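# Residue-level structural notes
Residues per chain are reported as follows:
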Amino acid sequence: MDHIKKLHPVSATIIIGTLFARMAMFMTIPFLAIYLTSVKGVSASLAGAIIGISSIVGLFGGFFGGYVSDRYGQEKVMKISLFMWTFVFIGFATAESVWTFFLLNALNGLCRSFFEPSSRALLSQVTKQENKLLVFNLRYAAINVGAAIGPLVGLKIGASSSTTAFFITSFVYFLYFILLVVMFSKYTIEQTHSDISEHVTLRRAVDVLGKDRVFLFAVIGMILGVTGYSQFNSTIPQYLSQYKDGVQLFSYLIVFNAITVLVVQYPVSRIGKRYSALTSIMFGIVAVSFGLFGFGLFTAVPMLFLSMFILTVGEVMMFSMVDIFIDQIAPQQMKGLYFGSIGFTAIGNAVGPWIGGLMLQYFGYENHLLIFSLLSLCTLIGFPVFLYVSGVMKATKRHIEYSL
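The rules we used
Residues numbered from 1 in each chain as written. Predicted model: local features only at pLDDT ≥ 70, side-chain atom pairs only at ≥ 80, totals over all residues. Heavy atoms only, no water. Helix = DSSP H or I, 4+ residues; strand = E, 2+ residues; numbered from the N terminus. Rg over C-alpha atoms; globule rule 2.2 N^0.38 Å. Buried < 20%, exposed > 50% of the residue type's maximum accessible area, 1.4 Å probe, protein only. Areas by Shrake-Rupley, 256 points an atom, 1.4 Å probe, with all protein chains shown as cover. Lys, Arg positive; Asp, Glu negative; His and termini not counted. Charge placed at Lys NZ, Arg CZ, Asp CG, Glu CD. Salt bridge = Lys/Arg side-chain N within 4 Å of Asp/Glu carboxyl O. Contact = heavy atoms within 4.5 Å. Axes fitted to C-alpha atoms, helices over the stretch in contact; angles between N-to-C directions. Parallel < 35°, antiparallel > 145°, perpendicular 65-115°, else oblique. Left-handed = near helix turned anticlockwise from the far one by under 90°. Nonpolar A, V, L, I, M, F, W, Y, C, P; charged D, E, K, R; others polar. Patch = residues over 30% accessible without salt bridge, like charges linked within 9 Å, V, L, I, M, F, W, Y side chains within 5 Å. Core = buried A, V, L, I, M, F, W, Y, C linked by side-chain atoms within 4.5 Å.

With that settled, consider the overall build of the protein. What the protein contains, in helices and strands, is 17 helices and zero strands. Computed over the C-alpha atoms, the radius of gyration of the protein is 21 Å, within 12% of the 22 Å expected from 2.2 N^0.38 for a compact globule of 404 residues. Along the first, second and third principal axes, the C-alpha set of the protein runs to 60 × 55 × 45 Å. Split into buried and exposed, the 404 residues of the protein put 52% on the buried side. Total accessible area on the protein stands at roughly 18000 Å², and carbon and sulfur atoms take up 68% of it. Averaging the positions of the 26 positive and the 17 negative side-chain charges in the protein gives two centres separated by 3 Å.

Below, the structure is given as structure tokens:
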């Protein structure tokens, strides 16, 4: 509690804003495909393309968003992104044509890819060294709470069939924008971009990332970890659909996953603080791999819940420590660039479901042990990749221990 009181007011504002913004986002976006097909009469394939464009734009937009925040300042990028987001969701509520929805969701992905690295870079800047683990874990918890509550609220207010949720989301983002304007005017934050803006050109940014072996191999390792974790939302539900009441079982597993994240996050972070963020990520990958293997090995429902528990612990160990790790290795004047570029790990979210689906189609559902063993092995390859990252960091004396 004492640590929370010591947080910078801007940090507290961003964390609280993240909670309500994610809650509002998850009130609408998960229901967008249903809204498009049932209310607007869009075909299922076109609705899928509209949903997917946000991730595609976000995948590549993170790099440019991070670069722009370093070049021109996190405050400006965050305020402009939130202001644009307000009108994006008003657009969702009033749009009629398919291409308008396509453009709006592309802008949704663009706003997210510019806002997220800027906010994380600013959190890093205003937070004292000893409080960074707490701040980034609070942010991660806020995202998960918002993601858990948002869909329930959206379901209650009929987000799949009305425009009410879009207007509410727009209003929440506008309030977040006003709150940040007030906080930034009240608390002056010394920006690091001003002294180096002439030097951090886009070409130099690309050169820095291209030559940074630690970062590049960390991205590869995280892609493998994310590829494994993505099976939770793709291959696992498809496989469980073969069970009697399999859809209901998966629904229970989703709730169990959300509760487990909130319950284990604090103790896992307390254990993780004894070691480096890199070590936590490595063992998180191992846990995700073992969890996947459990889904192939076991068929009894209690053991499937145990497998989900192991996978979820791995999820927390991986994702709650990524921001700390990036903060460790990123040059001070390029925090936004590094936080934005780690978004390339979303490649795992793109290829993971495709790989799992191909395996189910080729091997058949009855060969679940083989399928999940291969997926587990693919994920586990991330462990030696991060071992290499650790070796490079030690060889180049880049290893930084935080007083967490």
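From this point, things continue past the structure.
Here we come to the pattern of salt bridges. A full pass over the atoms with the stated rule returns seven salt bridges. Notably, a salt bridge pairs Glu96 with Lys40, separated by 3.3 Å at the nearest N-O pair. Here Glu96 is found in the loop between α4 (74–94) and α5 (98–126), whereas its partner Lys40 is found in the loop between α2 (9–38) and α3 (44–72), with 56 residues between them in sequence. We classify Glu96 as exposed; its relative accessible area is 61%. The partner of Arg139 in a salt bridge is Asp323, and the shortest N-O contact between them spans 3.4 Å. In this pair, Arg139 sits in helix α6 (residues 132–156) while Asp323 sits in helix α13 (residues 301–329), placing the two residues 184 residues apart along the sequence.

Okay, the environment of Ala205 next. Looking at the element boundaries, Ala205 is found in helix α8 (residues 202–211). When the C-alpha atoms of Ala205 and Leu110 are compared, they prove to be 19 Å apart, with 95 residues separating the residues in sequence. Ignoring anything within four residues of it in the chain, the contact list for Ala205 reads Tyr67 and Leu337.

One way to put it is that helix α9 (residues 213–229) packs onto helix α12 (residues 277–297) with a least axis distance of 9 Å and a crossing angle of 30°. With respect to α12, the element α9 is oriented roughly parallel. For the pair α9 and α12, the sense of crossing is left-handed. On the side of α9, the interface is formed by Gly221, Met222, Gly225, Gly228 and Tyr229, while α12 contributes Ile281, Ile285, Val288 and Leu292. Looking at the contact of α9 with α12 residue by residue, the class counts come to six nonpolar, three polar and no charged.

Below, the discussion takes up a nonpolar patch on the surface. Nonpolar side chains collect at one region of the surface, where Phe83, Phe87, Ile90, Phe167, Phe174, Ile178 and Val182 lie side by side and expose about 590 Å² of accessible area between them. For the nonpolar patch, the secondary-structure elements that each account for two or more residues are α4 and α7 (164–186). At four residues, α7 tops the list of elements feeding residues into the nonpolar patch. On the secondary structure map, Val182 appears in helix α7.

Okay, the nonpolar core next. Ranked by size, the top nonpolar core spans 91 residues in total, and within it Trp85, Leu240, Phe325, Ile326 and Phe386 carry the most contacts. A per-element tally of this core places α13 first, with ten residues. By size, the runner-up hydrophobic cluster in this structure holds seven residues, among which are Val264, Val268, Val313 and Met317.

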